[in-house]
Amino acid sequence: MSKTDPFGFDLSVSAAKKKNPRGRRGMSGASETSTRICHHEGCNEPGKFRAPKAPDVLDEYLWFCQQHVREYNLKWNFFDGTTEAEINAQRSKDKVWERATKPLGDPETRAWARLGIEDPHQVLGANATQNPGKSNGATTRRLPPTERRAIEILDAKDHWTKAEVRKAYKALIKVLHPDMNGGDRSQEEQLQEVVWAWDQIKVSRNFKD
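Residues numbered from 1 in each chain as written. Predicted model: local features only at pLDDT ≥ 70, side-chain atom pairs only at ≥ 80, totals over all residues. Heavy atoms only, no water.

**Student:** So what exactly am I meant to see when it comes to the overall build of the chain here?
**Tutor:** Per the secondary structure count, the chain includes seven helices and two strands. Helices and strands in the chain line up, N terminus first, as α-β-β-α-α-α-α-α-α. Across the 209 residues that make up the chain, the buried fraction comes to 31%. Residue pairs at least 24 apart in sequence account for 46% of intrachain contacts in the chain once pairs closer than 6 positions are excluded. About 14600 Å² of surface is accessible on the chain, with carbon and sulfur atoms providing 51% of the total. (Helix = DSSP H or I, 4+ residues; strand = E, 2+ residues; numbered from the N terminus. Buried < 20%, exposed > 50% of the residue type's maximum accessible area, 1.4 Å probe, protein only. Contact = heavy atoms within 4.5 Å. Areas by Shrake-Rupley, 256 points an atom, 1.4 Å probe, with all protein chains shown as cover.)

This is how it looks when you write it as structure tokens:
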């Protein structure tokens, strides 16, 4: 099927991208339209790869060529200046995505609790017909495909605020960065995907600040 209309206009997606190349970023993390020069002293190669400036400034970046972004990442230490106790405490939180786990308890008790009943014998009284359902207040919203993909990468929910999504983003950065894996760069592609995903949510109007 032809992608052009009777008036001679090319309506294909590829044509639209050529006309408006702003912000084009591949999944590898390279900015195809960047005009920056590598931040590394003495290097004049294009700065198409970015890296956070500091552990506590994850939303501001330095731009490097591919070679120097790798060198920068190898030297980058998220826990610089923290004590061993603080590092261990943070690692414990990261295992559960900084969300406190709840005791499992009795499955039967939890089932009754979902119906608003603390004591099963209450079904014989005034609460016999009460059933608040399974809704937890969360709804699935319609989002652009890029933003839907972004929250999947960040393991986030579409009803979260940007602050909540950013918290998940920071947790992933700490887990995937080579510093946390003994310099292992096997997860670098996934790390770049996480950075890309946060880019989509950060500028989105569909998520509250």
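**Student:** I keep staring at the confidence of the model for the chain and nothing clicks. Help me out?
**Tutor:** Low pLDDT marks regions whose predicted coordinates should not be analysed in detail. Here the chain averages 74 in pLDDT, and 61% of its residues register 70 or above. Predicted confidence in the chain is weakest over helix H1 (residues 13-19), with a mean pLDDT of 56, and strongest over helix H5 (residues 145-153), with 92. Counting interchain partners and residues more than four positions distant, the pLDDT-below-50 stretch residues 132-137 has four contacts. (pLDDT = per-residue confidence, 0-100.)

**Student:** Explain empty space enclosed by the protein to me, please; I cannot follow it from the model alone.
**Tutor:** In this approach a probe as big as a water molecule rolls over the atoms, and the regions it shows empty are the leftover space. This model, assessed by the stated rule, comprises two cavities of 30 Å³ or more. Estimated volume of the largest cavity: approximately 80 Å³. Those elements that place two or more of their residues in the lining of the largest cavity are strand S1 (49-54), helix H2 (66-75) and helix H7 (188-202). Per-class residue counts for the lining of the largest cavity are seven nonpolar, three polar and one charged. (1 Å grid on protein atoms, 1.4 Å probe; cavity = no way out; pocket = protein on both sides within 12 Å on 5 of 7 lines; lining within 4 Å. Points joined across faces, edges and corners; volume = space filled by probe spheres on them. Nonpolar A, V, L, I, M, F, W, Y, C, P; charged D, E, K, R; others polar.)

**Student:** Any chance you could explain the nonpolar core here in plain terms?
**Tutor:** Note that soluble globular proteins tend to have their nonpolar side chains buried in a common cluster. In this structure, Phe64, Leu154, Val165, Tyr169, Val194 and Ile201 are the most contacted members of the largest nonpolar core, which totals 35 residues. Those elements giving two or more residues to this core turn out to be S1, strand S2 (57-64), H2, H5, helix H6 (162-176) and H7. Each residue touching leucine 154, except ones within four places of it in the same chain, is listed here: Val165, Ala168, Tyr169, Leu172, Val194, Ala197, Trp198 and Ile201. (Core = buried A, V, L, I, M, F, W, Y, C linked by side-chain atoms within 4.5 Å.)

**Student:** Mind showing me how you'd approach the environment of isoleucine 151 here?
**Tutor:** Tracing the backbone through its elements, the reader meets isoleucine 151 in helix H5. In this view, isoleucine 151 contacts Leu143, Ala156, Lys157, Asp158, Ile201 and Phe207; residues no more than four positions away in its chain are not counted.

**Student:** How do you make sense of unusual backbone geometry when you look at a structure like this?
**Tutor:** Comment: phi is negative for the bulk of residues other than glycine, and the bulk of peptide bonds are trans. The phi dihedral of aspartate 155 falls on the positive side, at around 55°, and the residue is not glycine. Its location among the elements puts aspartate 155 in the loop between H5 and H6.

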